[in-house]
Number of protein chains: 2
Amino acid sequence: MMNLDLIKEISVTSPEKIVMLVLDGLGGLPDPKTGKTELETAHIPNLDAIAAKGICGLADPIAPGITPGSGPGHLALFGYDPISNKIGRGVLEAAGIDIELGHDDMAARGNFCTIDGKGIITDRRAGRISTEKCAELCKLLDGMSIDGVDIKIYPVREHRFVAVFHGNNLDIHITESDPSRIGVSPQEIKAENAIAKKTANIVNKLVAGAKDILSDHHPANMILLRGFAKKPHLPSMQEIYKLNPLAIAVYPMYRGLARLVGMQVAKTGTTLEDEIKTLQENYKKYDFFFLHVKGMDTAGEDGDFARKVKLLEQIDAALPALTGLKPDVLVIAGDHSTPAVYGGHSWHPVPVVICSKYCRTDGVKKFSETAFLSGGLGRISSTQIITLAMANARKLIKFGA
Amino acid sequence: MMNLDLIKEISVTSPEKIVMLVLDGLGGLPDPKTGKTELETAHIPNLDAIAAKGICGLADPIAPGITPGSGPGHLALFGYDPISNKIGRGVLEAAGIDIELGHDDMAARGNFCTIDGKGIITDRRAGRISTEKCAELCKLLDGMSIDGVDIKIYPVREHRFVAVFHGNNLDIHITESDPSRIGVSPQEIKAENAIAKKTANIVNKLVAGAKDILSDHHPANMILLRGFAKKPHLPSMQEIYKLNPLAIAVYPMYRGLARLVGMQVAKTGTTLEDEIKTLQENYKKYDFFFLHVKGMDTAGEDGDFARKVKLLEQIDAALPALTGLKPDVLVIAGDHSTPAVYGGHSWHPVPVVICSKYCRTDGVKKFSETAFLSGGLGRISSTQIITLAMANARKLIKFGA
């Protein structure tokens, strides 16, 4: 982990621009039939050319063997220790629907569920009600004020919602109401310390109120809450790196993660081409750009090797519009690997390349997991990537006399 | 960072001798015209032979992306954490002119400067007065005694001098008088805590006295002080490694750095040949030799690729006199890279080779940044080099039963 106090001490503003392209779920595993990974299967001449020009390596988002969620995977890329800086489920869910939390707000992940006449949970997802139905029910629950705390309820998708508690002295040290299984009642929320008693009480009153309001709305006749969390107190990227950073991401969760570290968030469309257009339009106004590309991760999670390969080729084809801007420093990295044959996020280190005038090019010619093993970056922690990008952009002065 | 308590526990004295040759600013970057670094351009058969016999790798002095000053770069090579053991500017400047500081002494970097009739700084370097003039003016200021503190003023070069404060309870937590720009007055020195008030007062009296004394010496009619520092409390190399170490360095700053970690400092001449002769003469009396070679760093800072190449070839030609001593362990390393195309210290990892009977030779045949990527040491922290040297010299016993 990089020492952010040290970075803060030596970071300076410079005219150089850094583009960090994050290909979600970038790293893969070989297809047993061909022995080639997604990167080795795809025809990606532009990525290969960037690998040949840049310095390559493999990055561990957290530590060897540890599979990161999206939160820690991105925090590491932004240089924050992903272990000591936890982002709670509620905060991540709120970020995922573009809700900006205040520093005193507490957020929780909610499910509509089904209970029987005895109050026993029979379906934790209320038969996966439609997103429209979810929005309708959220409206019924939205806007309660309990003991001076205002509670907003936001629909997410199907049975999922976010509850945001706005008030003073809310304490997240409370148990969850979601027992994570059926055949039992929703659990009473208990305080884990004396100060949290007030908060537990408020949440229990919300649950009781929701039960009354929803009683006629079978199968969505109850709610379950978990992942109570507040926004983490992260020093901003402006503060640490003296950067003026812009995030460009199609999916709200990544915009939310970027906001947590102080980035401005651009309005953009739904494709990589849209994102690159947004980059072009904003290129003069910022000096750091986080550009997030989601698709490959989803293909990997679906175990769809061919789709992941195809998406790689589409990304490769879109790259000239980005490299045409000639960023002083171009970083291509991933928040974690999502090998299609594994069917989920994985612990495998993620390919990373840094391309700049001063990068000390190595002998790597292909953009792949195996080729990058002999890269000049070696095996690094993902938290070191941004420091290297800053150095290459002449944004870090000498440490010590 | 190595755990020095652990090393202290397992280090033993042995007859084996370690020579650590530090080539200041060793690592480079490719010349865009040829695609070859300084090391790849130079004809260096002796260095190549050492690389072929030894175990090679690349070392980060501080961390990936962090450019070290000379102080931290050397502390890392001596095995000390360069981040927690800071060496202040004043101490480094004092070391640079062979002044031995006592543990209670406070040193500061000084400039002669020019002020106008209103006391506004018009030139922070007093027109870069001659070194002779500087020495003459230092004599005028030298030897004041203020509130029980004796103040010595030592000339450095041109407008630069060192002020050493000798007395009890001096506190370095004071602001600087040098505003680092012209068009303003020298700043009053302020205490950053209550204890430092006395020190701030003394320094302000020195500045006021200097102003009076220098009033007729335009352009050098005022002084600026910064980098107040005391000698860091470092455990000595004798204490940690049980070594009997000798430093051989032409430039005073490196002799000073060696003194800070307890090394004896040899008298030597001005060339590498002189230094190797000093090594030969002292070879029987010590078991660890730090041999510092400065030239390449200066060539790199001057952006002079050809001169750095030529100096490498000169060093290579001088090596047989060193290897002829057949040191049990030979380490060739750098305190940091200074690529000529970058024109300054840089963050790039530094080539390192360790040559001994037990080094586990790898397949590397050339002494270069790229060749060392596949070396057996891999990518290490510079703080680990001395531990490896100690192990190869049978100076570390087994850890644990």
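In this text the structure is predicted, and so the values were computed from the model without any measurement. (Residues numbered from 1 in each chain as written. Chains lettered and ligands numbered in written order. Predicted model: local features only at pLDDT ≥ 70, side-chain atom pairs only at ≥ 80, totals over all residues. Heavy atoms only, no water.)

Student: Just checking my understanding: could you explain the confidence of the model for chain A for this structure?
Tutor: Do not read the predicted coordinates in detail wherever pLDDT is low. Mean pLDDT for chain A: 96, with 100% of residues reaching 70 or above. Among the prediction metrics, the complex's ipTM stands at 0.88, with pTM recorded as 0.90. (pLDDT = per-residue confidence, 0-100.)

Student: I tried to follow unusual backbone geometry on my own but got confused; where do I start?
Tutor: A negative phi angle is the norm for most residues apart from glycine, just as the trans form is the norm for most peptide bonds. His218 of chain A connects to Pro219 of chain A through a cis peptide bond whose omega is 10°. In this structure, Lys326 of chain B takes a positive phi of about 50° despite not being glycine. With respect to the element layout, Lys326 of chain B can be found in the loop between helix H12 (305–323) and strand S12 (329–333). (Helix = DSSP H or I, 4+ residues; strand = E, 2+ residues; numbered from the N terminus.)

Student: Would you explain the packing of helix H10 (residues 272–282) of chain B against H12 of chain B in this entry?
Tutor: Each pair of packed helices gets described by two things: the angle between the helix axes and the distance between those axes. All names here are of chain B. Contact geometry for H10 and H12: axes closest at 10 Å, N-to-C directions at 15°. One element, H10, and the other, H12, form an angle in the roughly parallel class. Considering only the axes of H10 and H12, their crossing is right-handed. On the side of H10, the interface is formed by Leu272, Glu273, Ile276, Leu279 and Gln280, while H12 contributes Ile315, Ala318, Ala321 and Leu322. (Axes fitted to C-alpha atoms, helices over the stretch in contact; angles between N-to-C directions. Parallel < 35°, antiparallel > 145°, perpendicular 65-115°, else oblique. Left-handed = near helix turned anticlockwise from the far one by under 90°. Contact = heavy atoms within 4.5 Å.)

Student: Sorry if this is basic, but what is going on with the sheet that holds S12 of chain B here?
Tutor: Within a sheet, adjacent strands bond to each other through the backbone by hydrogen bonds, running parallel or antiparallel. Residues and elements named next belong to chain B. With mixed pairing, the eight strands of this open sheet are ordered in space as S10-S9-S11-S1-S12-S13-S2-S14. Strands with a single pairing partner mark the edges of an open sheet, and in this sheet they are strand S10 (264–265) and strand S14 (378–381). The pairing of strand S2 (residues 55–60) with S14 spans four bridges and is classified as parallel. Following the sheet pairing, Ala59 is matched in S14 by Ile380. Lying over the sheet, H10 contacts strand S1 (18–23), strand S9 (245–249) and strand S11 (288–293), oriented at roughly 170° with respect to S11. (Pairing = 2+ DSSP bridges.)

Student: Please clarify how the interface of chain A and chain B should be interpreted in this entry.
Tutor: How big an interface is tends to be expressed through the accessible area that disappears when the partners come together. Contact with chain A, which involves 26 residues of that partner, is made by 30 residues of chain B. Among the residues chain A hides against chain B, the three largest losses belong to Arg360, Phe399 and Ala401 of chain A. Together they make up 38% of the total. The interface formed by chain A and chain B includes one salt bridge. Here Lys86 of chain B ties to Glu9 of chain A by a salt bridge, and the two come within 3.5 Å at their closest N and O atoms. For the pair chain A and chain B, the interface holds eleven residue pairs in polar contact (both at pLDDT 80 or more). Of all the secondary-structure elements, those providing two or more residues to the side of chain A that touches chain B are helix H1 (4–10) and helix H14 (385–392) of chain A. Among the residues forming the side of chain A that touches chain B, the class breakdown is twelve nonpolar, nine polar and five charged. (Buried area = accessible area lost by both parts, 1.4 Å probe. Salt bridge = Lys/Arg side-chain N within 4 Å of Asp/Glu carboxyl O. Polar contact = N/O pair within 3.5 Å; in protein donor to acceptor, adjacent residues only side chain to side chain. Nonpolar A, V, L, I, M, F, W, Y, C, P; charged D, E, K, R; others polar.)

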